[in-house]
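Take a look at the letters that make up each chain.
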Amino acid sequence: MSASDFVVAIPARYAASRLPGKPLRMLAGEPLVLHVARRALQAGAREVWVAADDERIAAAVADTSGVRVAITSQDHASGTDRLAECARIAGWGDDTVVVNLQGDEPFAPAAGIRAVAALMLDGDTEMATLAAPVTDVETLLDPNAVKLVRAGNGNALYFSRAPIPWPRDAFARDRSSMPGQGEWLRHIGIYGYRAGFLQRFAALPPGRLEQIESLEQLRVLEAGYRIAVGITPEPFPPGVDTPEDLARAEAWIAAGRG
């Protein structure tokens, strides 16, 4: 396979709970989903698909060359389920490498998208994702920032909303600053898999650990599959999940950072 032999699929759900109509919210005068689709195109994917649940989302990207749309069920419980249906609609073979780029990532770097694809193209794990170093104690302690630990071969051992590994001695003394030793990683919610495994993943019942932590990727580990974790080559700026996030994204673009 060549370095560009992958596809990007973007789950885009209109009825987002914290920001209704999120894919169509305007950012710098254009729908949010359009910004995300352009990032996927910049990464050099062979195909870019938006897995939408509403025809209005399809209309928002209809004039964008290279972007296709799969209208999927409104009843999917997760983006993974939506992408599994997209894969069936697109007719991808089981060996097709699929990068799942979240529909609220308008600043996802092209290098990061390619890095996830490369982990799948060059490796033998069932799934791949990215992480970034944790540099401040607030992030380490924030349950909304998912942390992970990985084995020496780079595969994920566990994902958690808790600080892992727990620096016992350092935090016994002080929890106001980062511990002086060790490596802490924050998960970045971009995934790669082959289309065949995507179908198996979506068919798995929710795992016990997944339900405790509300982290879908734990279903994969609990079922005995492997997730390769690479360090992102470029920072992933925060995504857009709330009205406050959208305002921050507008300011980011206005400052020339988008």
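Caption draft 1: Looking closely at the pairing of strand β6 (residues 97-100). Along β6, one buried face is formed by Val-97 and Val-99 and the opposite face, lined by Val-98 and Asn-100, is buried too. Pairing of strand β1 (residues 7-12) with β6, which is carried by three bridges, proceeds in the parallel orientation. What sits directly across from Val-7, in β6, is Val-98. The pairing of β6 with strand β10 (residues 185-194) spans four bridges and is antiparallel. Among the inter-strand pairings, Val-97 is bridged to a residue of β10, identified as Arg-194.

Caption draft 2: Examining empty space enclosed by the protein more closely. Counted according to the given criterion, the structure contains one cavity of 30 Å³ or more. There is about 40 Å³ of room inside the largest cavity. Lining of the largest cavity is provided by Thr-80, Asn-100, Met-127, Tyr-191, Tyr-193, Phe-201, Glu-216 and Gln-217.

Caption draft 3: Here's a closer look at the packing of aromatic side chains. Enumeration over the complete set of coordinates arrives at six aromatic pairs. Aromatic pair Phe-197 and Tyr-225: ring centres 4.9 Å apart, planes at 70°, arrangement edge-to-face. Taken as a pair, Phe-197 in helix α7 (residues 195-203) and Tyr-225 in the loop between α9 (217-222) and β11 (227-231) lie far apart in primary sequence, 28 residues in all. Since its relative accessible area comes to 3%, Phe-197 is described here as buried. Linked through ring pairs, Tyr-193, Phe-197, Phe-201 and Tyr-225 together constitute an aromatic cluster.

Caption draft 4: Just α7, in detail. Of the positions making up α7, those classed as buried are Ala-195, Gly-196, Phe-197, Leu-198 and Phe-201. Structurally, α7 contributes buried residues whose contacts are with α3 (79-90), β6, β7 (127-133), β10 and α9.

Caption draft 5: Focus on the pairing of strand β8 (residues 147-150). Judged from the four bridges that link them, β8 and strand β9 (residues 156-160) form a sheet pairing that is antiparallel. Its bridge partner being in β9, Lys-147 is matched across the sheet by Ser-160. Here β8 folds back onto β9, and the loop between the two strands holds five residues, one of which, Gly-154, carries a positive phi near 90°. Relative to β10, β8 runs antiparallel, the two sharing two bridges. Note that in β10 the partner of Lys-147 across the bridge is Arg-186.

Caption draft 6: Structural view of the layout of surface pockets. Taken as a whole, the largest pocket spans an internal volume of roughly 1800 Å³. If you trace the largest pocket, you find 44 residues lining it, with Arg-18, Lys-22, Gln-102, Asp-104 and Asp-241 closest to the centre. Contributions of two or more residues to the lining of the largest pocket are made by β1, α3, β10 and α9. Ranked by the residues each element gives to the lining of the largest pocket, the list is headed by β10, at five residues.

Caption draft 7: The nonpolar core, seen in detail. If you look at the biggest cluster of nonpolar residues, it comprises 35 residues, and the most contacted ones within it are Phe-6, Val-8, Ile-10, Leu-101, Ile-113 and Ile-190. Listed by contribution, the elements that provide at least two residues to this core are β1, α1 (32-42), β4 (47-52), β6, α4 (110-122), β7 and β10. Counting residues per element, this core draws most heavily on α4, at seven residues. Once residues lying within four places of it in the same chain are set aside, the contact partners of Leu-101 are Val-8, Ala-9, Ile-10, Pro-11, Val-36, Ala-40, Ala-108, Ile-113 and Ile-190. In terms of nonpolar packing, the next biggest core, distinct from the first, is built from 30 residues, Ala-51, Phe-159, Leu-198 and Phe-201 among them.

Caption draft 8: Main features of the side chain of Asn-100. Within the secondary structure, Asn-100 sits in strand β6. Exposure remark for Asn-100: the relative accessible area of 2% places this residue in the buried category. In terms of polar contacts, Asn-100 uses its side chain to reach the side chain of Gln-102, at 3.3 Å. Look past the residues within four positions of Asn-100 in its chain and what remains in contact with it is Ala-9, Pro-11, Leu-83, Ile-190, Tyr-191 and Tyr-193.

About the criteria used
Residues numbered from 1 in each chain as written. Predicted model: local features only at pLDDT ≥ 70, side-chain atom pairs only at ≥ 80, totals over all residues. Heavy atoms only, no water. Buried < 20%, exposed > 50% of the residue type's maximum accessible area, 1.4 Å probe, protein only. Helix = DSSP H or I, 4+ residues; strand = E, 2+ residues; numbered from the N terminus. Pairing = 2+ DSSP bridges. 1 Å grid on protein atoms, 1.4 Å probe; cavity = no way out; pocket = protein on both sides within 12 Å on 5 of 7 lines; lining within 4 Å. Points joined across faces, edges and corners; volume = space filled by probe spheres on them. Phe/Tyr/Trp six-rings, centres within 6.5 Å; stacked < 30°, edge-to-face > 60°. Contact = heavy atoms within 4.5 Å. Core = buried A, V, L, I, M, F, W, Y, C linked by side-chain atoms within 4.5 Å. Polar contact = N/O pair within 3.5 Å; in protein donor to acceptor, adjacent residues only side chain to side chain.

None of this, on its own, says anything about what the molecule does.
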